[in-house]
Each structure stands twice: as structure tokens, then as C-alpha cells.
Amino acid sequence: MEEYHLIQSIPGIGKRTSPILISSIGNIEKFNHVNQLLSFWGLNLCYYQSGQYEGQKKISKQGDKKVRHALWLAVQDIYHRGDVAENIFYETWERKTQGRTLTAIQQRKLKVMLMVKMARIIYTVLKSRTPYGVKSQGKEDQAFRMKAA
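Calculation criteria
Residues numbered from 1 in each chain as written. Predicted model: local features only at pLDDT ≥ 70, side-chain atom pairs only at ≥ 80, totals over all residues. Heavy atoms only, no water. Helix = DSSP H or I, 4+ residues; strand = E, 2+ residues; numbered from the N terminus. Core = buried A, V, L, I, M, F, W, Y, C linked by side-chain atoms within 4.5 Å. Buried < 20%, exposed > 50% of the residue type's maximum accessible area, 1.4 Å probe, protein only. Contact = heavy atoms within 4.5 Å. pLDDT = per-residue confidence, 0-100.

Focus on the environment of H69
- Examined against the element boundaries, H69 turns out to sit in helix α4 (residues 65–80).
- Along the sequence, H69 and T17 sit 52 residues apart, while their C-alpha atoms lie 9.5 Å from each other.

Comments concerning the nonpolar core
- W41, L43, L71, M118 and I122 are the most contacted members of the largest nonpolar core, which totals 36 residues.
- For this core, the elements supplying multiple residues, two or more each, are α1 (2–8), α2 (17–25), α3 (34–41), α4, α5 (88–97) and α6 (104–128).
- In terms of residue count, the dominant contributor to this core is α6 (11 residues).

Digging into the side chain of S18
- Position of S18 relative to the elements: it lies in helix α2.
- Under the relative-accessibility criterion, S18 is labelled buried at 0%.
- Setting aside its immediate chain neighbours within four residues, S18 contacts Y4, I7, Q8 and I13.

Thoughts on unusual backbone geometry
- The phi dihedral of R129 falls on the positive side, at around 60 degrees, and the residue is not glycine.
- Within the secondary structure, R129 is located in the loop between α6 and α7 (139–148).

Quick word on the confidence of the model for the protein chain
- Averaged over all residues, the pLDDT of the protein chain equals 79, while 83% of them reach at least 70.
- Per-element confidence in the protein chain ranges from a low mean pLDDT of 51 for α7 to a high of 90 for α3.

Here's what the structure looks like:
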């Protein structure tokens, strides 16, 4: 029950998304590194390379489809509710787009990047057992907030 409230402290994750994430993770202690969780959910990058040819980088999609869908909907919610103050995901969206209009493919890539960022924050919040806030954010996020102020 504690994990349920911890995950809901992250912007974009609500009552429907958090049970999906918690049931998928199980015990967070089985993951030694955040990259293991990303791989478990199928959000890790895979490369195709043969000789001089280097293909596109894509997410592997070998993990839980329901979790990827739940994270996608959480990012969609953040994207469409752009008026949320102090939302690091929307701030990242604005910083990456810099006011320009993106193509559909560019938007999709940016949303997947935000899904990975959200997964990293979920891992940190559950490992540290502290709600999302200033203390649980990464050093880059805190530096960005200080520079913007």
C-alpha cells in the first residue's frame, strides 16, 4: 500500500496507472540497477548494425506491453495538461521542443524519452522509499530548476 502512494506522488501517474506498475514490478529489490527495470519493461534501446550499415535505434518492446501502454498514457496526460506547474516532464517537453512544432515521429520519440525518464523516477522513488519531490529528483533536474529561477 505504501508503494501505491509513493508512485502516485509522481506527476502523471494516477489511480489506474499505479496498480499496473506495482503489479509488474513486484519487489523492487530484485532490480539492482534502473537499466534492469527498463529492460524488464521493454524500454531499453536496441541497435541493428551490420558492417558499415547502422540501422535505427528502437526500444526493444520485449517487456510488459501493459506497462508501456500505461506509461504512454501517463505521458499523454502530461502532454495534454500543459498548464501543470512544477511538472518536470512538461518542463522537459518544453525544453526539448523550444517552441517549435514537431513532426509526429519526433513527438513519438520525445514521448518515449519521457516514458524512460518516468521509469527512472519510479525506480528511484521505490528504491529510496521517499515520495517524488525535490529530494528524489536527479542532479540535472535540480540544476535545471536552479538555472531557470
